[in-house]
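Notes for the structure review
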Amino acid sequence: MNPLNHVAIIMDGNGRWGLKYKNSRNAGHKVGLNTVEKIIKETIKNRINFLTLFAFSTENWKRPKKEINYLFGLLENFLINRIEDLHKQNIKLKILGSKKFSPKLNKLLRNSERKTLNNTKLQINLALNYGSKSELIDAFKRIKKNKSTITEKNLSRNLQTKNIPDPDLLIRTGNTKRLSNFLLWQLAYSEIFFEKKLWPAFNVKDYNRIIKEYKLIKRNFGRI
Ligand code: FPP
């Protein structure tokens, strides 16, 4: 059976779920946060060491201001109310993406990372204002500036995910089959599962079904 060390998730479908059941996209984000909590718990139960969640892309700035503010408000409350408990559970929080938010949110994010820095049970990477193409360009620029050679190892070392193993498994909910500028380099050999359910409807049973299926895949990494 395949070991499972790192799960990455594109949590898609909040807006559609919210509109369908509550007549409000933001209501979908709120329920989506409950799914996040359930999936974190189940990730620990499954003894998975890394969970990377795509919460806000560099392209998501194109959304209406009202929705963006609501999302960041949810995130602020999540950090204020939940970081102490996550810390007690020995969970480490790392932010991927550039922290260009309000001074209040930037500070909350920095403090949460600092507080949980030495925790070892589960590392949650929260991708916020993250885009894979700009991450790659920044990495190439740094290599050039340092006059280093371009190798796979060197590039990986210059990405924001340095010291994080590549995802074994990517799950995208919401019935859409694309990567949306998420971890393009890191997902080169990941097993990808596209799930029809919208993120707020995705549950622990669905998660465990995918994990079970993943564990049975023959991963060849180019060999036969
Ligand atoms: C994609 O659904 C989801 C997002 C852009 C935001 C993800 C946020 C959460 C799950 C809740 C907040 C999380 C944290 C960690 C505080 P979409 O809005 O693109 O859905 P659609 O495709 O139906 O429009």
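Residues numbered from 1 in each chain as written. Predicted model: local features only at pLDDT ≥ 70, side-chain atom pairs only at ≥ 80, totals over all residues. Heavy atoms only, no water.

Lining the immediate environment of the ligand, one finds 16 residues, of which M11, D12, R16, R25 and R63 sit closest. The contact in question runs from an oxygen atom of the ligand to an N or O atom on the side chain of R63, over 2.6 Å. When the ligand is considered free in solution it has 630 Å² of accessible area, and contact with the protein chains removes 91% of it. Here the shell around the ligand is built from residues that sort into seven nonpolar, five polar and four charged. (Near = heavy atom within 4 Å. Polar contact = N/O pair within 3.5 Å; in protein donor to acceptor, adjacent residues only side chain to side chain. Areas by Shrake-Rupley, 256 points an atom, 1.4 Å probe, with all protein chains shown as cover. Nonpolar A, V, L, I, M, F, W, Y, C, P; charged D, E, K, R; others polar.)

To continue, consider the pattern of salt bridges. This model, assessed by the stated rule, comprises 15 salt bridges. Here K197 makes a salt bridge to D206, at a shortest N to O gap of 2.9 Å. Residue classification places D206 among the buried residues on the basis of a relative accessible area of 7%. The network of salt bridges with common partners includes E195, K197, D206 and R209. (Salt bridge = Lys/Arg side-chain N within 4 Å of Asp/Glu carboxyl O. Buried < 20%, exposed > 50% of the residue type's maximum accessible area, 1.4 Å probe, protein only.)

Among all positions of helix α1 (residues 14-22), only N14, G15, W17 and G18 are buried. Projected down its long axis, α1 carries its buried residues within an arc of 165°, all on one side. Residues of α1 that are buried in the fold lie against α2 (25-45). Backbone geometry just downstream of α1 places N23 in the positive-phi region, at approximately 60°. (Helix = DSSP H or I, 4+ residues; strand = E, 2+ residues; numbered from the N terminus. Arc of directions from axis to C-beta. Contact = heavy atoms within 4.5 Å.)

With that settled, consider the environment of R142. For R142, the location among the structural elements is in helix α5 (residues 132-145). Under the relative-accessibility criterion, R142 is labelled partly exposed at 38%. For the pair R142 and K153, spaced eleven residues apart in sequence, the C-alpha separation works out to 14 Å.

What follows is about the packing of α1 against α2. The N-to-C vectors of α1 and α2 enclose an angle of 115°; their axes lie 6 Å apart at closest approach. Judged on the interaxial angle alone, α2 and α1 are roughly perpendicular. At the point where α1 passes α2, the crossing takes the right-handed sense. Residues N14, G15, R16, W17, G18, L19 and K22 of α1 lie in contact with α2, whose contacting residues are R25, A27, G28, H29, V31 and G32. Taken together, the residues of the contact of α1 with α2 sort by class into four nonpolar, six polar and three charged. (Axes fitted to C-alpha atoms, helices over the stretch in contact; angles between N-to-C directions. Parallel < 35°, antiparallel > 145°, perpendicular 65-115°, else oblique. Left-handed = near helix turned anticlockwise from the far one by under 90°.)

So, about the packing of aromatic side chains. Summed over all chains, the structure comprises twelve aromatic pairs. Both rings, one in F54 and one in F182, keep their centres 4.3 Å apart while their planes meet at 10°; by these two values the pair is stacked. Residue F54 is found in strand β2 (residues 50-57), and its partner F182 is found in the loop between β5 (169-172) and β6 (191-194); the two are separated by 128 residues along the sequence. For the pair F54 and F182, one class covers both residues: buried. Ring centres 6.5 Å apart and planes at 65° place the aromatic pair F202 and Y207 in the edge-to-face group. Y207 matches F202 in its accessibility class, with the two residues each being buried. Through a chain of ring-to-ring contacts, three or more aromatic side chains come together here, namely F56, W61, F72 and F101. (Phe/Tyr/Trp six-rings, centres within 6.5 Å; stacked < 30°, edge-to-face > 60°.)

At their nearest, the axes of α2 and helix α3 (residues 65-88) sit 10 Å apart, and the two run at 30° to each other. It follows that α2 is roughly parallel to α3 by the angle criterion. In this structure, α2 meets α3 at a crossing whose hand is right-handed. Listed contacts from α3 to R25, N26, H29, K30, L33 and E37 of α2 are K66, E67, Y70, L71, L74, F78 and R82.

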